[in-house]
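# Notes for the structure review
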Amino acid sequence: MTVGLFIPCYVNQFYPDAAKATLQLLRKLGVNVAYPLKQTCCGQPMANSGFENLTQPCDDLFIENFSSFDYIVAPSASCVLHIKDHLHSPQNAEGANKIRKGIYELVEFLTDVLKIEKLDAVFPHKVGLHHSCHGLRGLHLSQMSELNAPPFSKPQQLLSMVRELEQVSLDRADECCGFGGTFCVAEEAVSVKMGKDRVTDHTKNGAEYITSSDLSCLMHLQGILHRNKSAVKVIHIAEILNAGL
Amino acid sequence: MKKEIKKDHADLAEAFIRDEERVDWHDGALWFIREKRDRASKQIPEWEALREAASAVKSNVISNLHAYLLQFEENLIKNGVIVHWADNAEEHNEIVYSILKAKGLNQLVKSKSMLTEECQLNEYLHERGIEVINSDLGEYIQQIDNEPPSHIVLPCIHKRKEEIGELFHTHLGTEKGLSDPTLLTRVARKHLRNVFITRRAALTGVNFAVAETGEYVVCTNEGNADMGAHLSDVQIASMGLEKIVPQKKHLGIFLRLLARSATGQPITIYSSHYRKPRPGQEMHLILVNAGRTNQLKRPDFRDSLKCIKCGACMNTCPVYRKSGGLSYHNTISGPIGAILAPNLDMKKHADLPYASTLCGSCSNVCPVKINIHEQLYKWRQVIVKEGYATQTKALGMKAMAWTFSSPATFTTAGKAGRWFLHNIPFVVNNKFNPWYKQRDMPEGPKESFSEWYEREEKKKEQQHT
């Protein structure tokens, strides 16, 4: 099994530690991982703003970079969802289809493909889990609070394998943080208010760290925490699952 | 005249958010209703199956609307109801006016009807010397304040009880400082009872119209539609074409879903079925198109016509809760309003599909399973294609797409002082970027992951050789 590592553009630029943790974690679990150096972006920022018509070059490049792998894994639910829902190629429909079916967000790759049952990780902190909406309602990484359906949570399942980690429970388990791509600047006031309220839910319930499978949400929450000089930190879930190995 | 609104959603939301304590209260009030809805829906084991059934029935309705409307009309006529067809708001308003004029009436009592808000019926009649009183308490309050409803189920949810007390003091002569909801409601009731007794004409909305029997169902919690209708000589009902259900038995699905989704109640207090005029009474029903058949022609958006106007998508929407219904500058606000409004006027409502993070909670609470957040995404594509995106946004997106399309450009840009900091909308590092108003950006690391990876791989190669 060969896995192509897809590191979203902003993670590559701003959060290399999360990308390193993803790579190291997969390798330690015995996965043969390669990182195609010519990757750029999934095209989501354009598509979500209404410019889907500009994303064909991104799609073509993505197919070129990743078509040789059995699986594609990325530490970002949002970008994975975009590829799954929107990657297309009029010239290479089969190639596009293979990509859409073969791409996994890191958490679901660990629980559904590798089916790991234990991890040698230690993280002696109180952690609040932020469900990114694309991970939750798009990839269905956890049960959604709106539905009358049995509960489950893939990220919580993994976090519960980490020694000395205490998960804090939140008042609103799966509310959006307000990042929303270009929404965060186009609707700055609403975006920040939503982010502040998510941060408050975590801090008042005692979280030392806020974690998520999406760094875009975390970047937004971190921006608010930092501006308000909070001691609470954000950390990508890969870094926790890779901690102390 | 109602207050003029010209700013876009982001501007209006920003103004609403300035009073943070008020936003917290508004958010909490609506979240409370969302939680009530969750509890109510979870008491019904077959809840998800009910949603599925409702969605399927409505799919059938909007796919066979022509036949159902004719069947409904035929049964209405059989029942002695006078049927009118209106293609647009103006025609609708003219019909109501002509009915009243023929009877020499200059007063009307009206229960809740978003359709007549959409048609601006009150303004139209007012200009022609006819006085309309809204009898739903929330709409009555909004009417007194000369403001449109901010929520389709809870028209004045953005107002605090003290503000309502102040309005009542000014307009109804209550004691200054009175803000007890029970006492205020009693005052309103006294005023409205007098209205009911003296009005000869009553207009109601329609929640469900049964094609099979020609009856229509009006759901209220206050019984205000009933009091208006039962005391009237002329009863008028206005409905959008999409309100049809094929058979009476289908009400068993929709009535169970409606109140639970709307407020977390098992059922609305009054679910009244109207079928025939009383002896001596005249009963009219107006079937209104007002853009619905246009929406029906759009394959990506036609499912929006399944909406039963429960308001659950508003209560769950974090953007709605933090920005208030009036920030959507449209009769139907919130996520459902944002997918309905561009059909009516794309230029005016081009901002609404962007007033969302696409979190998807709206689609999950929708009792008829409208894929609201997917339609928001699709409307954005249409708005750009039709040329309603701002020019600066279009240029920025093109630059971004060009950079991402070339790995060489992207890598060089990444190295050259982090291309990101200059180009990605939310990180552009200058004082004009709204990101930095209340947020910081992470400090750029010494090297990107790509740079680190390349270095590590080279090291490995050297070790092996």
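So, how was this worked out
Residues numbered from 1 in each chain as written. Chains lettered and ligands numbered in written order. Predicted model: local features only at pLDDT ≥ 70, side-chain atom pairs only at ≥ 80, totals over all residues. Helix = DSSP H or I, 4+ residues; strand = E, 2+ residues; numbered from the N terminus. Rg over C-alpha atoms; globule rule 2.2 N^0.38 Å. Buried ≥ 20, exposed ≤ 12 C-beta atoms within 10 Å, placed from the backbone. Contact = placed C-beta atoms within 7 Å. Pairing = 2+ DSSP bridges. Axes fitted to C-alpha atoms, helices over the stretch in contact; angles between N-to-C directions. Core = buried A, V, L, I, M, F, W, Y, C linked by C-beta atoms within 7 Å. Nonpolar A, V, L, I, M, F, W, Y, C, P; charged D, E, K, R; others polar. Expected span 1.5 Å × (residues − 1). Arc of directions from axis to C-beta. Domains from an automatic or database assignment. pLDDT = per-residue confidence, 0-100. Parallel < 35°, antiparallel > 145°, perpendicular 65-115°, else oblique.

## Some remarks on the overall build of chain A
Scanning chain A for helices and strands turns up 13 helices and eight strands. Since a compact globule built from 245 residues should have a radius of gyration of about 18 Å, the 17 Å found for chain A is in line with a globular shape. Counting across all 245 residues of chain A, residues that qualify as buried make up 61%. Partitioning the intrachain contacts of chain A with sequence separation of at least 6 by distance along the chain shows that 77% fall at a separation of at least 24.

## Some remarks on the overall build of chain B
Within chain B one finds 23 helices and ten strands. The proportion of buried residues among the 465 residues of chain B is 47%. Long-range contacts, defined as pairs at least 24 residues apart, comprise 72% of the intrachain contacts of chain B with a sequence gap of at least 6.

## Notes on the sheet that holds strand β6 (residues 166–168) of chain A
All names here are of chain A. Spatial strand order, β6-β5-β7-β8: four strands in an open sheet with parallel pairing. Sheet topology places β6 and β8 (233–236) at the edges, where each strand pairs with a single neighbour. Taken over all neighbouring pairs, the strand axes of this sheet differ in orientation by 40 degrees on average, direction set aside. In terms of strand pairing, strand β5 (residues 126–129) meets strand β7 (residues 209–212) through three bridges, oriented parallel. If you follow G128 over to β7, its bridge partner there is I210.

## Concerning the environment of S145 of chain A
With respect to the helices and strands, the residue S145 of chain A is situated in the loop between α8 (133–138) and α9 (154–159). Among the residues examined, S145 of chain A registers 19 C-beta atoms within 10 Å and is labelled partly exposed. Distance from S145 of chain A to A173 of chain A, taken between C-alpha atoms, is 7.5 Å for residues 28 residues apart in sequence. Dropping the residues within four chain positions of it, S145 of chain A is found in contact with A173 and D174 of chain A together with D38 of chain B.

## Focus: the nonpolar core
All names here are of chain A. By size, the foremost hydrophobic cluster in this structure holds 198 residues, and its most contacted members are V73 and I240. Sort the elements by how many residues they give to this core and helix α12 (residues 215–227) lands first, with seven residues. Sequence-distant contacts of I240, that is, excluding residues within four places in its chain, are made with A121, F123, V127, L159, V162, T211 and I235.

## Side note on the interface of chain A and chain B
By a widely used convention, the size of an interface equals the accessible area lost when the partners come together. Of the residues lining the interface, 60 residues belong to chain A; the matching set on chain B comes to 63 residues. When contributions to the side of chain A that touches chain B are tallied by element, the ones reaching two or more residues are α1 (9–14), α2 (16–28), α3 (44–48), α4 (56–66), α8, α10 (183–186), α11 (188–204) and α12 of chain A. It is α12 of chain A that provides the largest number of residues to the side of chain A that touches chain B, a total of seven residues. Per-class residue counts for the side of chain A that touches chain B are 32 nonpolar, 18 polar and ten charged.

## Here we look at α11 of chain A
Residues and elements named next belong to chain A. For α11, which comprises 17 residues, the first-to-last C-alpha distance of 24 Å matches the rise-based estimate of 24 Å (1.5 Å per residue) to within 8%. Most of α11 is tucked away: 14 of the 17 residues are buried. A positive backbone phi angle near 90 degrees is found at G206, which sits one or two residues after α11.

## A word on helix α4 (residues 65–78) of chain B
Given 3.6 residues to a turn, an α-helix orients residues that are three or four positions apart in the same direction. All names here are of chain B. Spanning 14 residues, α4 covers 20 Å between terminal C-alpha atoms, matching the ideal 20 Å at 1.5 Å per step. Inspection of α4 places Y68, F72 and L76 among the buried residues, and these make up the whole buried set. End-on view of α4: buried residues confined to an arc of 70 degrees, all on one side of the axis. Residues H66, A67, L70 and K78 are exposed on α4 and point more than 90 degrees away from its buried face. Taken from the residues just after α4, G80 is the one with a positive phi, measuring 90 degrees.

## Section: the pairing of β5 of chain A
Across three bridges, the pairing between β5 of chain A and β6 of chain A is parallel. Opposite V127 of chain A, over in β6 of chain A, you have Q167 of chain A as the bridge partner.

## Section: the sheet that holds strand β5 (residues 208–210) of chain B
All names here are of chain B. Spatially, β8-β5-β6-β9 is the arrangement adopted by the four strands of the open sheet, whose pairing is mixed. Either end of the sheet is taken by a strand with one partner, and the two such strands are β8 (244–245) and β9 (270–274). Pairing between β5 and β8: two bridges, direction parallel. Note that in β8 the partner of V210 across the bridge is V245.

## Side note on the domain arrangement of chain A
Residues and elements named next belong to chain A. Segmentation of chain A into domains returns domain 1 (2–113) and domain 2 (126–241). Opposite the 25 residues of domain 1 that make contact, domain 2 presents 22 residues. For the side of domain 1 that touches domain 2, the secondary-structure elements that each account for two or more residues are α1, α2, α3, α5 (77–86) and α7 (106–113).

## Quick notes on unusual backbone geometry
Comment: phi is negative for the bulk of residues other than glycine, and the bulk of peptide bonds are trans. Residues and elements named next belong to chain A. One non-glycine residue, H140, adopts positive backbone phi at about 60 degrees. Note on placement: H140 falls in the loop between α8 and α9. H140 gets classed as exposed once you count the C-beta atoms within 10 Å, which come to 12. Even without a glycine there, the phi angle at K229 is positive, about 55 degrees. Secondary-structure assignment places K229 in the loop between α12 and β8.

## Some thoughts on the environment of V185 of chain A
Structurally, V185 of chain A can be placed in helix α10. A count of 21 C-beta atoms within 10 Å places V185 of chain A in the buried class.

## A look at the environment of L344 of chain B
Residues and elements named next belong to chain B. For L344, the position within the fold is in helix α16 (residues 334–344). Look at L344 and you get partly exposed, because 18 C-beta atoms sit within 10 Å. Taking C-alpha positions, L344 is 36 Å from T185, a pair spaced 159 residues apart along the chain.

## Thoughts on the confidence of the model for chain B
Confidence in the prediction of chain B, expressed as mean pLDDT, is 92, and 90% of residues score 70 or more. With a pTM of 0.94, the predicted complex shows an ipTM of 0.96.

## Remarks on the packing of α11 of chain A against helix α1 (residues 9–17) of chain B
Packing of α11 of chain A against α1 of chain B brings their axes to within 7 Å, and their N-to-C directions diverge by 45 degrees. It follows from the interaxial angle that α11 of chain A and α1 of chain B lie oblique. Across the interface between the two elements, A189, V190 and K193 of chain A from α11 of chain A touch A13, E14 and I17 of chain B from α1 of chain B. Residues that form the contact of α11 of chain A with α1 of chain B fall into these classes: four nonpolar, no polar and two charged.

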